Amino acid sequence: MRKISFILNGEKRSVYVEPNDLLLDVLRDKLGDKTPKYGCGRGDCGTCTVLLNGKSVRSCLILAVEVDGQEITTLEGISKGGLTELQKYFLKHNSFQCGFCAPGMIVTLEEFLKKNPKPDEEEVKEAISGNLCRCTGYVPIIRAVMDYVKNK
Amino acid sequence: MEELKFVGKDIPRIDEKEKITGAARYVDDLDFGPNLLYAEIVESPYPHALIKKIDTSEAEKVEGVVKVVTGKDFPFKFGLYMKDRYIFAQDRVRFVGEQVAAVVARDPKIAQKAAKLVKVEYEPLPAVFDPLEAIKEGAPIIHPELGQYSHVPWFFPKGGTNIAHHRKVRKGDVEKGFKEADYVFEDTYKIPRYAHCCMETHISVAYYDLSGRLTLWNSSQSPHVQKALIADALSPLGITEKDVRVITPYVGGGFGGKAGVTMEVIAAALAVACKGNPVKVRWRRDQEFYNTYMRQQVISKIKVGVKKDGTITAFQIENFWDAGPYVEYGANVVNASGLSATGPYRIPNVKIDSYCIYTNLPAAGPYRGFGYSEMLFSVESHMTRIAKAIGMDPVEFRRKNAIREGDSLAYGAPMNPNGLIEAIDKVAEEIEWGKKEESKDPKKAIGKGFAIFWKAPAMPPNVSTTAFLKFSGDGSVNILVSGMEIGQGYHTAMAQIAAEILTIPIEKIRVELPDTDRNPYHWQTVASHVTWASGNAVKRAALEARDKIFEVVSRAYHFNKDSLYLENGKVKCYLKPDFELDLKDFVINGIMKEDGYYVGQNIVASGQFFVDFCSALQDPETSQGGHPNVHYTVGAAAVKIEVDKETGKVKILKAVEAIDCGKAINPLNVKDQIIGGLLQGLATALYEDMRFDKNGKILNPNFTDYKIPTSLDIPEEVVPIIVEVAQPDGPFGARGMAEHPMIPAAPMIANAVEDAVGVRIKALPITAEKIALALAKGEKEPDYYWHIMK
């Protein structure tokens, strides 16, 4: 067991972890942030995506000890201050069906749109190509992002 | 007809806010406290073996292990349609991955470590993985006791063989039909196994409290059926249905994989073994591939007779389904698709043999389309080939033979009202059927493919659903139902139906996720029937509430009930135009009369829908005489593709799909179902493929090797089209449509590939490799190859 401290969604948190504890499990089971989801456990599906110092990472591939002293943002952090502009467009476009991929998808897109505020459709597809969604066929998600970009 | 204000409108999903903020809680997100225990399953490494001995002593010694459970502890069977499976393997295992034992521990890592210490001694038996091999004389018999299994009366297992069910359909005289034909076309098609790949894996947390109450939190499409089946399985321990409670929060995708009971019964048994502690069983992604009823593979031998003018005179098909070693749910897939194996065609002479066959691959069963996605690949590939062979346009051929209202189905009942011809015409127009297109790149060829489809909800003939409706003091409404919102937009549709009757805004309605203690009975969320069945129940509940509202107001104000109506959530009176009473003013607290006394009642209502016009008791030799299906939803679809003649890679330039959903309660949701389902289907057509090694082990149980589509794989353009020919007994005319988008995907791709490059692929998936190899070798009809590595 080792004590690590990091900023989670703007708040300093400390937690005891084993050297082989995954960030995903620590966030979910020890810190109670259930927004990153387990989907595959090997970085294929993107449902566990969180931001590490503002950069999207797969929390199922990161050891918790690696984030000691760093900054983590999850969908919970993004949603805390009320709906973001992007989320409002998701709402308008019925962008999710079962919703299980939503946390990873939104985290990925929030980061991407900060870096590239005026993307074209191909760039948006590229940006979410690591986030699997089995329900929507991606079209309603892309529709929401393009509408958001157009009206920004 | 009066204009509808909520039904038929693009109303945003009522569950979307929870999903986009991360507030939506799935089973694994619920907190079960520090007493939660974790299970690790010991799985069979053999496809077929006798269990000689299990030694759990080393595992039990590990600190933190609470219990080690084997088949001896729970020698009980479970099953919805046929009881052929035990909770844990008893004397033998029948597939790689079968549950032999479970270790329950305080920590998941301890459970994993201890599970490795469980020693199981096996005596391997010969295994069989090919349904055609499995029905040969001398094949290893997978269930020696098959003749004694209890099952529904519409299954016909053959004891002493590996045939778990044989659905025969005989109509007219097929031999006479072939004699009348000018041409007879025969071929064989092959469809492999596929996986649902819900983003959320299966999970069940079970808690058997000290009083003997068993509560389960499941990711499920079937809370009430699970309650019944789990109580039944554990009944030797004295557990009854009143003791079992199933709670189903948000579900991360279903597609049929979370129907019936699979792993939930394991969690239930482990909870009973560890009384007083909740126990969590969650599949890892690889376990999800092995243990969730993947889609069955099928070999289709088809023979069709036609006249020169394109009239179909005879249709014969033998479908050999590989359902794995436990077929109880899969046998119903075989049954349902067997009854409808002609596809949506009018055919006088029909002979269908649909076989459900035991093999030693993992158990298979329902997946979006319930057999129709599989069997219509052969039918719709074949119909295009026939049309071309007799010099007829494939769309014209379909228009000529398409089934119409009142036509006799293969089992004799009449076809329901439908918009199949309208769907064909709209799709043909949108894809510009008949217009030849050349690629600008000489290395590439453009082709178009067409397919029609149908599907009936596959259900027992007596399924039932109920809705409860209750008001709060501010006039807002909670609707309690037990259909599952698995992503299809069911809750939104139910809110729209209630809003339409009660004239209150959607924002004032909440539809609740099931808890079998609180929400009324609904059979299962399968078969694409909830909008139709549960929609009827919700509509009736809203009508009952409206009636009670009018009753109260008429008593308080002495209006004739018939003179009252609702508008914008207010009661109004035709005879007194200035009268207006808001629901919030009386639905809980009643109406005060001049003398200070109150008139009223707490407005609550229920609505019920029961299928009482079906019968599955037909002549087993012909399937004539019953009415096994409530109705069919039909449609048509087409693609325009570009094929790279060197690499074989297929690019979808445009996909069009029209579905007759009777009435689109929410057109936006219907269109999004079409878009999402179509992509799921196109992936099974083009690249998804379950591979096994020669011992029945899955070679690709992960998303690296089993490829599901990403955002880069979507067609350049998708056009969803809604056709609305009302279902007479549907709520506002609606019938289900969510499974259907997937069904035409594979044959229309096969048809388009042949149109583009002249290669007819008869075995799914239609990979770039298969096309490129056929082009390189100059083979127009390459032979199919097997999905088991030899």
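Residues numbered from 1 in each chain as written. Chains lettered and ligands numbered in written order. Predicted model: local features only at pLDDT ≥ 70, side-chain atom pairs only at ≥ 80, totals over all residues. Heavy atoms only, no water.

Looking now at the sheet that holds strand 14 (residues 278-282) of chain B. Residue and element names in this part refer to chain B. Taken together, seven strands build an open sheet; the order of strands is 3-7-1-14-11-12-13 and the sheet is mixed. Whereas interior strands pair on both sides, the edge strands pair on one side only; in this sheet they are strand 3 (65-70) and strand 13 (244-247). Taken pair by pair, the neighbouring strands of this sheet meet at an average axis angle of 20 degrees, ignoring direction. In the sheet, strand 12 (residues 214-218) pairs with strand 13 via four bridges, with the strands oriented parallel. Bridged to Leu216 within strand 13 is Val246. Here helix 3 (residues 108-115) sits on the sheet and contacts strand 1 (37-43), strand 3 and strand 7 (99-105); the angle it forms with strand 1, its principal contact strand, is near 25 degrees. Helix 6 (residues 223-233) contacts strand 12 and strand 13 of the sheet and is inclined by roughly 150 degrees relative to strand 13. (Pairing = 2+ DSSP bridges. Helix = DSSP H or I, 4+ residues; strand = E, 2+ residues; numbered from the N terminus. Axes fitted to C-alpha atoms, helices over the stretch in contact; angles between N-to-C directions. Contact = heavy atoms within 4.5 Å.)

This paragraph deals with the nonpolar core. Counting 286 residues, the largest nonpolar core has Ile87 and Val571 of chain B as the members making the most contacts within it. The element that contributes the greatest number of residues to this core is helix 14 (residues 530-557) of chain B, accounting for 13 residues. When residues no more than four places from it in sequence are discounted, the contact partners of Val571 of chain B are Ile549, Phe550, Val553, Leu564, Tyr565, Leu566, Phe579, Glu580, Leu581, Leu583 and Phe586 of chain B. Within the second largest apolar cluster, 17 residues are counted, among which are Ile4, Leu8, Val57 and Ala64 of chain A. (Core = buried A, V, L, I, M, F, W, Y, C linked by side-chain atoms within 4.5 Å. Buried < 20%, exposed > 50% of the residue type's maximum accessible area, 1.4 Å probe, protein only.)

Another aspect to go through is the confidence of the model for chain B. Confidence in the prediction for chain B averages 97 pLDDT; 99% of positions are at 70 or higher. Taken over the whole predicted complex, pTM reads 0.97, whereas the ipTM for its chain interfaces reads 0.98. (pLDDT = per-residue confidence, 0-100.)

Counting residues at the interface gives 52 residues for chain B and 45 residues for chain A. Of all residues in chain B, the largest losses of buried area upon contact with chain A belong to Ile20, Met199 and Ser711 of chain B, amounting jointly to 18% of the total for that side. For the pair chain B and chain A, the interface holds six salt bridges. Linking Lys37 of chain A and Asp29 of chain B is a salt bridge whose minimum nitrogen-to-oxygen distance equals 2.6 Å. Connecting chain B to chain A are 31 residue pairs in polar contact (both at pLDDT 80 or more). If you list the elements that add at least two residues to the side of chain B that touches chain A, you get helix 1 (16-21) and helix 15 (667-686) of chain B. No other element matches helix 15 of chain B, which puts nine residues into the side of chain B that touches chain A. Of the residues that constitute the side of chain B that touches chain A, the class distribution is 21 nonpolar, 16 polar and 15 charged. (Buried area = accessible area lost by both parts, 1.4 Å probe. Salt bridge = Lys/Arg side-chain N within 4 Å of Asp/Glu carboxyl O. Polar contact = N/O pair within 3.5 Å; in protein donor to acceptor, adjacent residues only side chain to side chain. Nonpolar A, V, L, I, M, F, W, Y, C, P; charged D, E, K, R; others polar.)

A separate point is the layout of surface pockets. Of the volumes computed, that of the largest pocket is approximately 1,400 Å³. Lining the largest pocket are 46 residues, with Asp25 and Asp29 of chain A together with Tyr38, Pro108 and Arg282 of chain B positioned closest to its centre. Elements with a contribution of two residues or more to the lining of the largest pocket: helix 1 (23-30) of chain A together with strand 1, helix 3, strand 14 and helix 8 (285-290) of chain B. Ranked by the residues each element gives to the lining of the largest pocket, the list is headed by helix 1 of chain A, at six residues. (1 Å grid on protein atoms, 1.4 Å probe; cavity = no way out; pocket = protein on both sides within 12 Å on 5 of 7 lines; lining within 4 Å. Points joined across faces, edges and corners; volume = space filled by probe spheres on them.)

Turning next to unusual backbone geometry. Glycine aside, the phi torsion of most residues is negative, and most peptide linkages are trans. Residues and elements named next belong to chain B. That bond from Leu764 to Pro765 is cis: its omega, -10 degrees, falls within 30 degrees of zero. In this model, His558 sits at a positive phi of 60 degrees, which is unusual for a non-glycine residue. Position of His558 among the secondary structure elements: in the loop between helix 14 and strand 24 (564-567). Among the residues examined, His558 registers a relative accessible area of 64% and is labelled exposed. The phi dihedral of Phe732 falls on the positive side, at around 55 degrees, and the residue is not glycine.

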